[in-house]
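# Geometric and topological summary
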Amino acid sequence: MSSELVITNLMKSYGAGMKPAVNNVSFTIEAGNILALLGPSGCGKTTTLRSVAGLDHPTGGTIRIGGRLVADPQNGVFIAPQHRNLGMVFQSYAVWPHMSVRENVEYPLRNKKLSRKDIRAQAQEALELVGLQEYADRPVVALSGGQMQRVALARSLSYKPALLLLDEPLSNLDAKLRIRLRDDLRKIVKDAGVTALYVTHDQAEAVVIGDRIGVMKDGQMLQHDVPTELYNNPRDLFVANFTGAATVLDIELRDLENGARDVFVDGYPERLMTLPADPRAPAGRAQMAIRPENVKMHAASSDTQPGRHEARVLQRQYLGTQTLYTLSFFGQNMDIVELGTVPRFTEGENVQIEFPLECLTVFTKQ
Ligand SMILES: Nc1ncnc2c1ncn2[C@@H]1O[C@H](COP(=O)(O)OP(=O)(O)OP(=O)(O)O)[C@@H](O)[C@H]1O
C-alpha cells in the first residue's frame, strides 16, 4: 500500500552554531507519486531523505508517512527506521554477494510472517517488475552494476513498502547505462505504484524520474513543482540555472504608465522589448534568463524588422543534430541552440536575433 508523505517545517542541525543542514523544509508527496529532490552537493537532500528514513534525528518539524507521525522532535516522537515500512536504495550496490539474485530479494521477506510459498511469490513478482526473472538463480556477483541496482530495487519493493527512498541510485553506473536505467527506474516505480523520494544532483535524471521536482539550496527548498513549470517558470536565477542551460542578461526595467515595462539590456542603446506587468519584476536593475532554444536567429539584413536585434557569432559548436552558438550581443555573451544537421551560420558572421516574449523570465537583481 503506497502512502502519502507529508513533511512540515523540517529542521536538522548537526550542532549549535552550525548552519542548519535542512532549514524549514515542507513538502508533500501524494500516494503513488515520485518527488525528485534536486540540488548541488551539500544542499541538504540526503539529510532530508535520512530524516524520512529515520537514520537522522530531525531537530524540528514533523514527518508523516501514510498519516502516521514518525518524527516530531518537539513532542518526543521518533519511530525507528525498521518500523516505518520503507524501501531504500542507495548509491552503493547494497546486495549480499554470497547469495543468489532470488535469495537477495527473498531476504527481507523472511523477517515477515509469511509462508515459504508467499515469500517465493512476492520475490518472483518483484523480480518480474525489474525484469530479472531469468537471472533469479544466478549468483548476484555475476551481474553488472545496473543489474545489481535492479536487484536492490526488487529487494526494496518485494515487501511492498509504504514509501521508497532512493539516494543517487544511478551515480555509480557509467553515463550510457545511467540514461537507460533512469527510464526503466521510473517505469518500475510507477508500475509498483509506490510513493517515492528520489535524491539526485542530476537535472536530467530529476526531470525524467520525478512527477514533481523540489530544488534545494543551502538547506532550503527554493521551488517545488512539476518539471515543465520549473523549466519554464523558474522562481529565481538559481533554479533557472540548475534546471537547464540559461543565458542571463543584465537589464534595466523602466516603468510605463499602463504598468507594463520597457526592457533595456546593458550596453544596448535601444529598447529591447516591452514586457507586460509582472509583480515579480519591479522597475530597476534586473536580470533576464533566456533558454538557448528560445532565441531565434536570422541572417543579417540591411532593414532590421521590429523585434530583431543585431548580434555576432563568436563561436560555433556543431553537434550533428544541433549547433550551439555563442553570440556577442552588445558586450554580453548569449548561448543559442539550433536544431538541424546543417549549421546555418559561421563564426564571425553578423546575425539578427529575436526573443519570443513568452519565453523570458525576469528576476530582480540578486
Ligand atoms: N553527520 C554530519 N555531521 C555534520 N554535518 C553534516 C553531517 N552530514 C551532513 N552534514 C552537513 O549538512 C549539509 C547537508 O549535507 P547533505 O549530505 O544532506 O547534502 P546533499 O545535498 O545530500 O549533498 P551530497 O549530494 O554531496 O550528498 C552539508 O553542509 C554537510 O556538510
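Just so you know, these numbers come straight off a predicted model, no measurement behind them.

Where strand S10 (residues 212–217) and strand S11 (residues 220–225) come together, five bridges link them in antiparallel fashion. Within S11, the residue paired with glycine 214 across the bridge is histidine 224. Hairpin remark: S10 followed by S11, antiparallel, with two residues in the connecting loop; positive phi at aspartate 218, about 45°.

With respect to the helices and strands, glutamate 168 occurs in the loop between strand S8 (163–167) and helix H5 (175–192). Considered as a pair, glutamate 168 and aspartate 191 are 23 residues apart in the sequence and their alpha carbons are 20 Å apart. The contacts of glutamate 168, once residues within four sequence positions are left out, are Lys45, Gln91, Val199, Thr200 and His201.

Turning next to the packing of aromatic side chains. If you walk through the whole model with that rule in mind, you get seven aromatic pairs. Relative to phenylalanine 345, the ring of tyrosine 325 has its centre 6.0 Å away and its plane inclined at 65°; by these criteria the two rings are edge-to-face. Within this pair, whereas tyrosine 325 is found in strand S18 (residues 322–329), its partner phenylalanine 345 is found in the loop between strand S19 (332–339) and strand S20 (350–354), the two being separated by 20 residues in sequence. A residue is classified by how much of its surface remains accessible, and tyrosine 325, at 1% relative accessible area, is buried. One aromatic cluster is present, built from ring pairs that chain together Tyr268, Phe329, Phe330 and Phe355. Stacked on the ring of phenylalanine 264, the Lys or Arg arginine 254 has its end atom at 3.8 Å from the ring centre. When the ring centre of tyrosine 231 is taken as origin, the NZ or CZ atom of arginine 291, which lies over that ring, is 4.0 Å away.

Our focus in this paragraph is the UniProt feature "domain: ABC transporter" (unreviewed entry) in the protein. The sites that UniProt annotates as "domain: ABC transporter" (unreviewed entry) are residues 5–243. Between the first and last C-alpha atoms of residues 5–243 the distance is 24 Å; the span itself is 33% helix and 26% strand.

Looking now at the pattern of salt bridges. Opposite charge on two side chains permits them to pair, given that their charged atoms come into close proximity. The final tally for this structure, using the stated rule, is 14 salt bridges. With its nearest N and O atoms 2.8 Å apart, the salt bridge here joins aspartate 211 to lysine 190. One end of the pair, aspartate 211, is in the loop between helix H6 (203–209) and S10; the other, lysine 190, is in helix H5, and 21 residues separate them in sequence. Given the relative accessible area of 19%, aspartate 211 is considered buried. A relative accessible area of 30% places lysine 190 in the partly exposed class. Among the salt bridges present, the one from arginine 344 reaches glutamate 338, with a minimum N-O distance of 2.6 Å. On the basis of relative accessible area, glutamate 338 is assigned to the buried category, the value being 14%. Here the residues in one salt-bridge network are Glu106, Arg116 and Arg120, joined through shared partners.

Our focus in this paragraph is the site of the ligand. Taken together, Tyr14, Ala21, Pro40, Ser41, Gly42, Cys43, Gly44, Lys45, Thr46, Thr47 and Glu168 are the residues near the ligand. With respect to the ligand, the backbone of glycine 42 contributes an N or O atom lying 2.7 Å from an oxygen atom. Side-chain polar atom of threonine 46 to an oxygen atom of the ligand: 2.6 Å apart, as the coordinates give it. For the ligand, whose accessible area on its own is 630 Å², the fraction buried by protein is 55%. For the shell around the ligand, the per-class residue count stands at four nonpolar, five polar and two charged.

This brings us to the environment of glutamine 305. Structurally, the position occupied by glutamine 305 is in the loop between strand S16 (296–299) and strand S17 (308–318). Exposure remark for glutamine 305: the relative accessible area of 42% places this residue in the partly exposed category. Between the C-alpha atom of glutamine 305 and that of serine 13, which follows or precedes it by 292 residues, the distance is 57 Å.

Ranked by size, the top nonpolar core spans 35 residues in total, and within it Val151, Leu153, Leu164, Leu166 and Leu185 carry the most contacts. Contributing elements (two or more residues each) for this core: helix H2 (101–106), helix H3 (116–129), helix H4 (145–157), S8, H5 and strand S9 (195–200). At six residues, the largest contribution of residues to this core is made by H4. Contact partners of leucine 153, with chain neighbours within four places excluded, come to Val89, Val130, Leu164, Leu166, Leu185 and Ile188.

What follows concerns the sheet that holds S18. Pairing within the open sheet is antiparallel, and its five strands lie in the order S16-S20-S17-S18-S19. If you trace the sheet from one side to the other, it starts and ends with S16 and S19, each paired once. Averaged over neighbouring strand pairs, the angle between their axes works out to 45° when direction is ignored. Judged from the five bridges that link them, S17 and S20 form a sheet pairing that is antiparallel. If you follow arginine 312 over to S20, its bridge partner there is asparagine 350.

It is worth spelling out H3 at this point. Side chains of residues three or four places apart in an α-helix project in the same direction, reflecting 3.6 residues per turn. Taking 1.5 Å of rise per residue, 14 residues should cover 20 Å, and H3 covers 20 Å from first to last C-alpha, within 8% of that figure. What H3 keeps buried is the set Ile119, Gln122, Ala123, Ala126 and Leu127. Projection of H3 onto a plane perpendicular to its axis shows the buried side chains occupying an angular sector of 140°, all on one side. Buried-residue contacts for H3 involve H2 and H4. Just past H3, the residue glycine 131 takes up positive phi, approximately 75°.

Calculation notes
- Residues numbered from 1 in each chain as written.
- Predicted model: local features only at pLDDT ≥ 70, side-chain atom pairs only at ≥ 80, totals over all residues.
- Heavy atoms only, no water.
- Pairing = 2+ DSSP bridges.
- Helix = DSSP H or I, 4+ residues; strand = E, 2+ residues; numbered from the N terminus.
- Contact = heavy atoms within 4.5 Å.
- Phe/Tyr/Trp six-rings, centres within 6.5 Å; stacked < 30°, edge-to-face > 60°.
- Buried < 20%, exposed > 50% of the residue type's maximum accessible area, 1.4 Å probe, protein only.
- Lys NZ or Arg CZ within 6 Å of the ring centre and 35° of its normal.
- UniProt positions renumbered as here; feature names shortened; annotations may be inferred.
- Salt bridge = Lys/Arg side-chain N within 4 Å of Asp/Glu carboxyl O.
- Near = heavy atom within 4 Å.
- Polar contact = N/O pair within 3.5 Å; in protein donor to acceptor, adjacent residues only side chain to side chain.
- Areas by Shrake-Rupley, 256 points an atom, 1.4 Å probe, with all protein chains shown as cover.
- Nonpolar A, V, L, I, M, F, W, Y, C, P; charged D, E, K, R; others polar.
- Core = buried A, V, L, I, M, F, W, Y, C linked by side-chain atoms within 4.5 Å.
- Axes fitted to C-alpha atoms, helices over the stretch in contact; angles between N-to-C directions.
- Expected span 1.5 Å × (residues − 1).
- Arc of directions from axis to C-beta.

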